[in-house]
Structures are given as C-alpha cells and as structure tokens.
Amino acid sequence: MPVRAGIADGAAQIADLAVATQKLERVMRRFYQLAVMVVAAMCVGLFIYAGGAVVMVVFASALVAVVLHGAARLICRVLPIRQWVAVVLFLAALVSGVSGVVHVSGPELVTQLSHLYAALTHERDALHATLDQNPVGHSVLNHIPRFFGGNQTSGPLGSEGAGGGMDFAGSMTNVLTSTFGSAGTLVVIVIAGVYFALSPHLYANGLLRLVPTRYRPTARALIRTTAHVLSAWVAGQLLDMTVVGVLTWVGLSLLGMPLAFPLGLVAGTANFIPYLGTFIGAVPALLIALSISPREALMVAGLYAFIQAFEGYVMSPFIQKRAVSMPPALTILSQTIFGAFLGMWGFAFASPITAVLLAMVDHLTTPLPEDEQV
C-alpha cells in the first residue's frame, strides 16, 4: 500500500508538472508573439519615420492605381476587353477630357485662380499689418511661418541645433523635394499608379513571395482586404468631394461672391481630408468675404456651415453605409498623429491609412463577446 500510494503521488506530481510545463510554454509562446509584434511595429515605425516621404509616395501611387483599376473594372463590365486595355482607354478618355476642359475654360480658370491668389495675398498682408501693430498679435506672428503671413523665418526643426543636420526623415523629404520637386513627384505618383493598375496581380504576387509559406493565406487575405477598403474609401471620398465642390460653387454664385468656381474647386479638393478639410477650404472664401463686408462674411460662413451640416448628417451616413465607416474622433486623432510624424503627406493620407489599419485589425482579431464589452 505505501508503495502504491508513493507511485500514485509521483504520477500526480508528474501530471501537475506536465500541466505547469504546458502553461509555461503557452505563456512563453504568447510572450514571444508579443515581443515579435512589438519589434515588428518598432521596425515599421522606424522605417516610416526614416523614409516617410517615400512611403507616402508609394501609398499615393496605390490610391491612383485603385482609381484606375476601379474605372477599368466598370469598363470591362460593358465592353468585353482585357483589363489593361480598359486602363489605357480610361487614361485616353481622361486625358482627352482634361485637354478639352483646359482648351475651353483653361484661360478663364487660370485668370480666376490668379485673381484668387492675389486677393488672398492682399488679405493676408492686411491682416499681418493689423496684427503686427498689436503686441499680442506681434507675438503670435513670431510663431507663424512667413509663408502663411507670419514673421517666423524657419521652423523649430529647421535650425541646425534642433535637427543637427542628421534628421534622416528630413533628408529623405529634402531629397524628394529637391530632386523632383512637387510636379516631378506628382508625375512619379501618376506613372507608378498607372503601372500598378496595368498589372496589379504582378506586384501583389511579388509581395506574397516575400512572405513565409505558412503565412501566405493570411497575407493574401490582408492584401485583398486592403484593396477593397481603399477602393471603397476612394469611391466615397470622390463622391463627397464632388458634392461639396458643386454645392460650394452654386451657393457662392447665388450669394454673388466673386471667384465662386475656383473657391468651390478649393473647397472640394480640401474635402479630401475629412472634417478638417472643410475648415481649410472655407478660409479663402471667408477672407475674400471679409474684404467685401462683414455681412457678406456672415452669409458665407452660414453657407459653409450648411454645407458642413449636410455633408456630416446626410452625405457621410449615406457614404459610410456603402464605403468605410470610421469614428470622427479616431479620424481627427489619426490626422494629428500622422501629421506630426509625416508632415503634410501624413495629414492628407491619414484617413485611408487608418481605414486600412482598422480593416487589418478587424481581420486579424476575433469580435469581442457581448459579456466582455464595456
């Protein structure tokens, strides 16, 4: 009996040790996975911070490819042609349409845009002169860059002491800017987007070859999810921009505002950035309206408030049902975070990047049970 009891106790201890070993292995496995995720996130963050301008150019090219690919799919539904032929046809039609618009109304549009620039410059100088006479206003102007009408000649990162000449992210941005310039960078984005749209499977399969075999199904699903989310976001945003631009143009024309069409174009283009873009697009119209009369400025402000309410309570819910739904607070926070790390590029593309990240997290994680929800 004592021998049997000792054997039983030993077996129980071995079983307990096996259970404890399994628990320790699970804990170590989870810790390893967490460590790998943290290191991967740090590497990705370092890469984005170091070459943020390059990453944003690639992302902008992907958005161009999404637009071209979506248009090509619509053409392929009507005409029995290959996708690359549809992309070429759409590009030819787009170039012809833009050339026709430029030929017909290009000179007038250039004239109105030049008048708009002159009016904004005059109002900026007048506001600068008014604020500069006040001590508080002069202090505020000292913290605003000269490009925007302030007195600051260089930003806090522009000095040698702050940047030390060793800011690699700034170097990458300077290389892009100095080598290509804004127009050159735009050409690179368009050309890369065209090539992506002509053969998207070639580049997607190339990315999959870099992924280990056992993770390729997950990577393939993430690539498809990314493509779907970007397509939905671009379609919804283009519709939103068009409606806002047309409403602004019509509203300003009815109010008798000068330069209604270019101001509507500015409002529609600025609305590419959700929420904050509406306020950015309203600034030029308000400055010009103030130069006319305070009453005109109030009417213009009321018009933009109405358009913002219509866009927020009517257009956005309609688009979000068929496109991408993101909480407003998360959208604004993402614009702040990406703008702080990547500058204007990150500020402009924060919303589609956040939409892609949310879709990836939703795909990789399980839904939260109701009993665990807050």
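As the structure is a computational prediction, the values presented were derived from the model and not from experiment.

## Section: empty space enclosed by the protein
In step 1: One pass over the structure, following the stated rule, counts two cavities of 30 Å³ or more.
In step 2: The volume enclosed by the second largest cavity comes to roughly 50 Å³.
In step 3: Per element, the largest residue contribution to the lining of the second largest cavity is three residues, and it comes from helix H11 (residues 276-292).
In step 4: Per-class residue counts for the lining of the second largest cavity are four nonpolar, five polar and no charged.

## As for the nonpolar core
In step 1: Of all hydrophobic cores here, the largest spans 24 residues; its most connected members are Met56, Phe59, Leu63, Leu230, Phe349 and Ile353.
In step 2: It is helix H13 (residues 328-364) that contributes the most residues to this core, ten residues altogether.
In step 3: Setting aside residues no more than four positions away along its own chain, Leu230 makes contact with Phe59, Leu63, Val66, Pro352 and Val356.

## A word on a positive patch on the surface
In step 1: A cluster of basic side chains, namely Lys23, Arg26, Arg29 and Arg30, defines a positive patch on the protein surface.
In step 2: Of note, Lys23 is situated in helix H1 (residues 2-50).

## Quick word on the side chain of Thr248
In step 1: For Thr248, the position within the fold is in helix H9 (residues 216-254).
In step 2: A polar contact is formed between the side chain of Thr248 and the backbone oxygen of Val244, at a distance of 2.7 Å.
In step 3: Those residues in contact with Thr248 that sit more than four places away from it in its chain are Leu263, Gly264, Ala267, Leu303, Tyr304 and Ile307.

## Comments concerning the environment of Leu364
In step 1: In this fold, Leu364 is placed in helix H13.
In step 2: Leu364 sits 146 residues away from Thr218 along the chain, and the two C-alpha atoms are 8.5 Å apart.
In step 3: Leu364 has contacts with Thr218 and Leu222, leaving out every residue within four places of it along the chain.

## Let's talk about the packing of aromatic side chains
In step 1: Summed over all chains, the structure comprises five aromatic pairs.
In step 2: Ring centres of Trp249 and Phe261 lie 5.2 Å apart, and the angle between their planes is 80°; this geometry places the pair in the edge-to-face category. With Trp249 in helix H9 and Phe261 in helix H10 (residues 260-270), the pair connects residues that are twelve residues apart, well separated along the chain.
In step 3: With a centroid separation of 6.0 Å and 85° between ring planes, the pair formed by Phe272 and Phe349 is classed as edge-to-face. With Phe272 in the loop between H10 and H11 and Phe349 in helix H13, the pair connects residues that are 77 residues apart, well separated along the chain.
In step 4: Owing to a relative accessible area of 10%, Phe349 belongs among the buried residues under this scheme.
In step 5: The structure contains a cluster of three or more aromatic residues connected by ring pairs, namely Phe59, Trp233, Phe272 and Phe349.

Criteria and cut-off values
Residues numbered from 1 in each chain as written. Predicted model: local features only at pLDDT ≥ 70, side-chain atom pairs only at ≥ 80, totals over all residues. Heavy atoms only, no water. 1 Å grid on protein atoms, 1.4 Å probe; cavity = no way out; pocket = protein on both sides within 12 Å on 5 of 7 lines; lining within 4 Å. Points joined across faces, edges and corners; volume = space filled by probe spheres on them. Helix = DSSP H or I, 4+ residues; strand = E, 2+ residues; numbered from the N terminus. Nonpolar A, V, L, I, M, F, W, Y, C, P; charged D, E, K, R; others polar. Core = buried A, V, L, I, M, F, W, Y, C linked by side-chain atoms within 4.5 Å. Buried < 20%, exposed > 50% of the residue type's maximum accessible area, 1.4 Å probe, protein only. Contact = heavy atoms within 4.5 Å. Patch = residues over 30% accessible without salt bridge, like charges linked within 9 Å, V, L, I, M, F, W, Y side chains within 5 Å. Areas by Shrake-Rupley, 256 points an atom, 1.4 Å probe, with all protein chains shown as cover. Salt bridge = Lys/Arg side-chain N within 4 Å of Asp/Glu carboxyl O. Lys, Arg positive; Asp, Glu negative; His and termini not counted. Charge placed at Lys NZ, Arg CZ, Asp CG, Glu CD. Polar contact = N/O pair within 3.5 Å; in protein donor to acceptor, adjacent residues only side chain to side chain. Phe/Tyr/Trp six-rings, centres within 6.5 Å; stacked < 30°, edge-to-face > 60°.

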